[in-house]
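Fold and contact review
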Amino acid sequence: MMFLDVMEAIHGLRMSPFAPPPAMVTIMPERLLRLNLSAGETLPCNVCWRIDDGYLRLASWTDQAEMLALGIWGPGDLVIPELIGVKPIELLSLSSVQVEEAHPSAEQRQEFLLDQLRQISRMLLLSRVRPVENRLYQFLLWLGERFGRVSSRGVSLSLDDMNLTHRQLAEIVGTTRVTVTKALTRFRQDGQLVKDGDDELLTISGLEQLPIARASKESFRLEEQALAATTKRLRTR
């Protein structure tokens, strides 16, 4: 029996009660970075973010230090700054924001690029709109379609929720804060922009009064055709 006991110990078939237990490898779950920011704070641009609440604006600058808006994102959106082919860039919280680090799939990265293409295309078209009051109205209309509600009465959005001040609107559309204030006052006086509870409503009658809504119809139709063609090419790769 002594011989058998020795052989079993040699071959590891029987473990001594005094032997240390085998090493345990514990795999800790990955901890994603979460941030809560106040309005006006910036986020790192080397991280992909999923917005849980609030709104972010991505911007760059010209050589003359003029701000160029590259996109606006809201709750549920993914923002992937590393895919933006422009530098320098700044990711700014327009309102109070809750974000979480994300690791997007290839499909999500492609969808972000398509969304970015749509936003920049719209911004470029709007930059050519004259006078600036029409440009501002068209920008508000785009915001309402993207983040607000469309109904038979018009397009509604909440400037308060987005915390879009007159100064921020002026930076985005390329004008002065005074011009934005005067334009919004005139929109309200003319019935183009009315209060709808906590929201602002761009009225149907206001849209019909706006010359640019008719003049730019063909431009926006061509934009949608170009975007549809680009989307089709990207999705067939």
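Reading guide: rules and limits
Residues numbered from 1 in each chain as written. Predicted model: local features only at pLDDT ≥ 70, side-chain atom pairs only at ≥ 80, totals over all residues. Heavy atoms only, no water. Pairing = 2+ DSSP bridges. Helix = DSSP H or I, 4+ residues; strand = E, 2+ residues; numbered from the N terminus. Axes fitted to C-alpha atoms, helices over the stretch in contact; angles between N-to-C directions. Contact = heavy atoms within 4.5 Å. Phe/Tyr/Trp six-rings, centres within 6.5 Å; stacked < 30°, edge-to-face > 60°. Buried < 20%, exposed > 50% of the residue type's maximum accessible area, 1.4 Å probe, protein only. pLDDT = per-residue confidence, 0-100. Parallel < 35°, antiparallel > 145°, perpendicular 65-115°, else oblique.

1. A short note on the sheet that holds strand 12 (residues 199-203)
Taken in spatial order, the 4 strands line up as 9-10-12-11 in an open sheet, and their pairing is antiparallel. Each edge of the open sheet is held by one strand with a lone partner, namely strand 9 (149-151) and strand 11 (193-196). If you compare each strand with its neighbour and ignore which way they point, the axes differ by 30 degrees on average. Examined bridge by bridge, strand 9 and strand 10 (residues 154-157) share 3 bridges and lie antiparallel to one another. When the sheet's bridge partners are listed, Arg149 is paired in strand 10 with Ser156. Across the sheet, helix 3 (residues 132-147) touches strand 9, strand 10 and strand 12, and the angle it forms with strand 10 is around 80 degrees.

2. Re the packing of aromatic side chains
With the rule as written, the count across this model stands at 4 aromatic pairs. Seen from their ring centres, Tyr55 and Phe147 are 5.3 Å apart, and the 85 degrees between their planes marks the pair as edge-to-face. Of this pair, Tyr55 sits in the loop between strand 3 (49-53) and strand 4 (56-61) while Phe147 sits in helix 3, and the two are 92 residues apart along the sequence. Geometrically, the ring pair formed by Tyr137 and Phe187 is edge-to-face, given 5.0 Å between the ring centres and 80 degrees between the ring planes.

3. Some words on the environment of Asp53
Looking at the element boundaries, Asp53 is found in strand 3. Its relative accessible area of 41% is what places Asp53 among the partly exposed residues. When the C-alpha atoms of Asp53 and Ser95 are compared, they prove to be 9.1 Å apart, with 42 residues separating the residues in sequence. Apart from the residues within four sequence positions on either side, Asp53 is in contact with Pro75, Ser96, Val97 and Gln98.

4. Let's talk about unusual backbone geometry
The amide bond that connects Lys87 to the next residue, Pro88, takes the cis arrangement and shows omega of 0 degrees. With respect to the secondary-structure elements, Pro88 resides in the loop between strand 6 (78-79) and strand 7 (90-93). That bond from Arg130 to Pro131 is cis: its omega, -5 degrees, falls within 30 degrees of zero. Following the sequence through the fold, Pro131 ends up in the loop between helix 2 (106-127) and helix 3. Unusually for a residue other than glycine, Ala65 sits at a positive phi of about 65 degrees. Given a relative accessible area of 61%, Ala65 falls into the exposed group.

5. Re the confidence of the model for the protein
When pLDDT is averaged along the protein, the result is 82, and 75% of the positions lie at 70 or above. Scored below 50 in pLDDT, residues 212-220 shows 11 contacts in the model against residues more than four places distant or in partner chains.

6. Structural notes on the packing of helix 5 (residues 166-173) against helix 6 (residues 177-189)
The geometry of helix 5 relative to helix 6 is characterised by a closest axis approach of 8 Å and an angle of 105 degrees between their N-to-C directions. Viewed along their axes, helix 5 and helix 6 adopt a mutual orientation that is roughly perpendicular. Across the interface between the two elements, His166, Arg167, Leu169 and Ala170 from helix 5 touch Arg177, Val180, Thr181 and Leu184 from helix 6.

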